[in-house]
Amino acid sequence: IQEGFLFDEETLDPNIGTGFEKAMNYWKDLWPLSADACITSTFVEGRCAIGIAPPGCWKSVFVNTDEGGVAWRDRTNGDWGPVLRDENGEALWRPTFKDGTYAEPYRLKPFGSLEVIDRETDTLVECGPNTCPKGEKIKPSNELPEDDRANRLVDSPHVGKWINRVPFYWSGGYGQGIRKSANSEVKDFMFEFFSYVNSPITSVDDIVMPSWLDDWRYSQLASYEQNYQKGGWNYDSWNEHQRVMKYALSNDVNSALTLQLPGVLMYTRDVMLDQFQKYVSGESDMETVKEETIKGWNEATLVYGKINQLDSYRATLGLNELSTYQKCTLHRQEMDAIDPAICKEATDNSTTIIIVLCSLVGAGILALVLSFFYKRYKSFQAIKKAHEQLMESTLNEATRCLQQLDYPLHLIRADEFVNDKQLTQHEVMRNSHRLTVLDNIKDVDAFVLAGKHVVFFSHQWTAFNHPDPGNLQYNFMVSALRELAKEKGWNEDLKDIFVWVDYSCIPQANASVQNLAIRSLAVYASSATYFIVCAPDTHHTDLNDVCDLSTYQRRMWCRAEQVCHSLRNGTGGMFLAKGKPGAFEFSPVQSDLFTESLRVFHGELTCCRCEHKGMEMCDRQSLVVPILGLYGELLRAAHDGFKTGGDVSAVNAFLSEVQKHQDDVFPEKFNRVMWRKNKRVVEEVVLFGDLIERMRERIKKGTMFVAGERGFGTESTKSSDFLRHGKNDFIRHGSLPEEAEGNGKGEDVA
C-alpha cells in the first residue's frame, strides 16, 4: 500500500506506462459489460453471473427472505420489484442446486493479476514469491476447505500459478464532528445521532440488513449466531463472506486506495474519464491517451501546487514528508516559488564549503550561475508553454463540446408525459423502457428533420430532493404543451412531440453518469426545437420561500439553459408559462427577460451559497467551455456570412451589443469563497480570462477546428448548420441595457 501506483512517491511524476496501458485495455474490455447503480436487475434476475461492487450493495441479495435474494422480479416500478410467483405462490425462478434448494450467491475473493510491473524496466513480469511477495498460489478445487462451496467447481486453467490479488478500497469511513458554534439543540441532536450510529444495535446488528452500513470490524464478522443468522443469512453465505472480508482486511495482502488528493475530480473526471471515452470510442490511440493524461495530470498538479500535492500523496500512502533537503534537491523551482529562503537556509552549511571550493574554481562558479539562470529561464518558458497549451486545450474543448454528446439525449413522448400525472424519476422511466434515446448529434438532427418536435422545459426545483413536490410545475408543463400544440396546429394526440425535463431525462441515482449528462446540458438545450420557461408562483417546501419568475431568472443554470438555446436557435421558439394556481398564462418570451439572462455568470448558485464546502470548483467554471463554444460558433456564423454575402445583420447587431458589455457577459475573473483546513478563504479565480479574444483571433484566422459527430477533420459546421432552427429570425432580444439588471444578491431558492 506504500507504493503509489499512480504517481512516483518522490517526484510526483505520473506513472503512465505499461501498467497504465494494460489497465486501460482491461477497462475498455469490461466497460460494455457494466451497468449503472449498485445492485442491478441484471444480477438480481439471474441475467449475469458476476457483479463487482462494494459489500454494502449486495446485502439484500444474500438475505433469503420472501422478497430477497436472486429471482425473477416484477420491474414495473423499478429494478428491486416483488418476486414473480405462480398460482401456488412459489417463485417462478430462483437459482438452485441439484437437490432443488436455493443457491445463495457466492462471495469471491478480490480479483488479481498473474503479472506485475517491474518498476525499473516498466515491463510486465510473471508473479512469483519474489516479484509478488504478498501473492498466493492458485489452488485446485480439491485443496480448498471443505466448507468453501468453490470446491465443487472445475479447476482454474491457471492452477499452480502465482496471483497478486489486490483489494480495492473505494471509500473511507465517515468523520464525525459537532461544530462548536452550533446551538445547544443542534448539538444535543447530533450527539444523540452519533450515539445511535455507534450503538451496538446499529454498529453490529444493522450491518447484516439491507443498508449502507458495512461490516469492516473483526467484531462484526466474528459470530454467525450473534446477528447474521437473525438477519436471514445462511451459514455458508456468512462463512464465505467473513473469510473473504478478513482476508482483504489483513496485513498479508496488497491493497489499493483510490486517489485522495485535492482536486481529485480534475485528475479523474476531467482528465482520465475524458481520455478513456476517447479511447473506447476509437477517437484516440493509446499513445495519445498516455500523452494527454500525463499533460492533464501535470496541469492539475500545477493548479493545486506540486509540493502540497506531493505531501498529501505521501500522507495517503502512510509515508513521511520528504525532508526539506530532499524537496530542495528534487523540486527546487517549486520550493523557491513558495519561499526562496527555505532552500537557502537548508543549504547554508553546504554554501560555506562551496564558497571555499569556488574560490579555487571561479570559472566554475560563473558556469554554475549561468546554468542556474538558464534553467530558471527554461522553467519560465515551460510554465508559459503549459499555460498556452491549457488555453488552446480549452478552446478546442469549447469547439468540440457542441459537436458531440457526452451522454445520450433522453426524451419522453409528450402523450406519455401527460398521462404520467407527475414528473417521474429518470431511473423509473428507463427501467420501464419509456424513454427515447438519441445517441449522438446526427441522430438528433435526423430526428428533427423527420418532423419530430423537441420541447425543452426549463424550471427551478422547489425542494432539495424533488423538483416539484406540489405537482404545480408539472400541471403548467402539460398546459404549455397543449397550448403550444394548439398554436402550431399540431395533432392533439401529441405523439410527434417529445419532452426533455431534467428529473426524467438526467440520471438521478448514479452521480458519475449524472455528471456526464450535465456536461451535455448545453447541447441538449441548443438542440431543442422549442424552449419553454416554466415558472409558476409556488413555494419552496424546504426553504418556505416563494418561487416565481423572478427567482427563476436569478438562477445561473436557468439563465444558462436560455442562453444555450437562443444562441443557436434564436428566440422565436421560446415561450413562458407562468401564473398562479388556476390562472395559467402562456406567451412568447419578451426581450426584457432575455437581456437579464445574458448575464449568465451573475446568476445565483447553490454551490456559492454553501461556500463550496467539500467541492473542488464552482459551477460557474463548468459553464465556461459550452458558453465559449456557443459564442465561437456565433462569431464563425457571422464571419462565414460576411465572406459568402449572406444576411447576418441580426447576428452582427447582437455580437456588437455583447462586445459593448463583454465584462458583464464574459467576466474575466470572479471571487470564489472556499473552505480549506477549516478556514474561510476568498480567492480571485480566472473565469474567461483572455479566451474571448483568443476565440475571435481563431475565427479571423479560420482555425476553429472541430472533430465531432457531424464530420471528421473539418473546420466546424457551416453558418447555415449553426443557425439550426431559428433561421433568419435569429435575434429579437433588442439591445442590452447599460446597467446590469440582475445583481446576484437575491436569495437562493433551489
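It should be noted that the structure appears before, not after, this text.
Here is what the cut-offs are and how they apply
- Residues numbered from 1 in each chain as written.
- Predicted model: local features only at pLDDT ≥ 70, side-chain atom pairs only at ≥ 80, totals over all residues.
- Heavy atoms only, no water.
- Helix = DSSP H or I, 4+ residues; strand = E, 2+ residues; numbered from the N terminus.
- Buried < 20%, exposed > 50% of the residue type's maximum accessible area, 1.4 Å probe, protein only.
- Contact = heavy atoms within 4.5 Å.
- Areas by Shrake-Rupley, 256 points an atom, 1.4 Å probe, with all protein chains shown as cover.
- Salt bridge = Lys/Arg side-chain N within 4 Å of Asp/Glu carboxyl O.
- Axes fitted to C-alpha atoms, helices over the stretch in contact; angles between N-to-C directions.
- Parallel < 35°, antiparallel > 145°, perpendicular 65-115°, else oblique.
- Left-handed = near helix turned anticlockwise from the far one by under 90°.
- Nonpolar A, V, L, I, M, F, W, Y, C, P; charged D, E, K, R; others polar.
- Disulfide = S-S within 2.5 Å.

Caption draft 1: Highlighting the overall build of the protein. When you go through the protein residue by residue, the secondary structure sums to 32 helices and 20 strands. Relative to its full complement of 750 residues, the protein shows a buried share of 44%. In the protein, of all internal contacts separated by at least 6 residues, the share reaching a separation of at least 24 is 70%. As displayed, the protein has an accessible area near 39400 Å², and 54% of this comes from carbon and sulfur atoms.

Caption draft 2: Just the pattern of salt bridges, in detail. In the structure shown here, the tally under the stated rule is 31 salt bridges. With a shortest N-O distance of 3.9 Å, Arg413 and Glu416 are connected by a salt bridge. Residue class for Arg413 comes out partly exposed when judged on its relative accessible area of 29%. The exposure class of Glu416 is partly exposed, given its relative accessible area of 25%. A salt bridge links Glu684 to Lys669, with the shortest nitrogen-to-oxygen separation between them at 3.5 Å. With a gap of 15 residues between them, Glu684 in strand S18 (residues 679–686) and Lys669 in strand S17 (residues 669–676) connect regions that are remote in the sequence. Taking relative accessible area as the criterion, Glu684 reaches 58% and is therefore assigned exposed. Of the residues examined, Lys669 reaches a relative accessible area of 45% and is grouped as partly exposed.

Caption draft 3: Highlighting the packing of helix H1 (residues 18–30) against helix H9 (residues 264–281). Following both chains from N to C, one finds H1 and H9 inclined at 65°, their axes separated by 11 Å at the closest point. One finds that H1 runs roughly perpendicular with respect to H9. Judged by the sense of rotation from one axis to the other, the crossing of H1 with H9 is right-handed. Taking contact as the criterion, the partners of Phe20, Met24, Asn25, Trp27 and Lys28 in H1 are, on H9, Met272, Phe276, Tyr279 and Val280. Classifying every residue of the contact of H1 with H9 gives seven nonpolar, one polar and one charged.

Caption draft 4: Fine view of the side chain of His241. Relative to the helices and strands, His241 is located in helix H8 (residues 235–249). Contacts of His241, omitting those with residues within four sequence positions, involve Arg107, Asp215, Leu221, Tyr228 and Trp233.

Caption draft 5: Here's a closer look at the state of the cysteines. Throughout the structure, instances matching the rule amount to two disulfides. Disulfide pairing is shown between Cys328 and Cys343; the S-S distance is 2.0 Å. Looking along the S-S bond of the Cys328-Cys343 disulfide, the torsion reads about -95°, which is the left-handed sense. Residue Cys328 is located in helix H12 (residues 324–330), and its partner Cys343 is located in helix H14 (residues 340–346); the two are separated by 15 residues in the primary sequence. Under the relative-accessibility criterion, Cys343 is labelled buried at 0%. Unpaired in this structure, Cys608 has its nearest cysteine sulfur neighbour in Cys618, at a distance of 3.6 Å.

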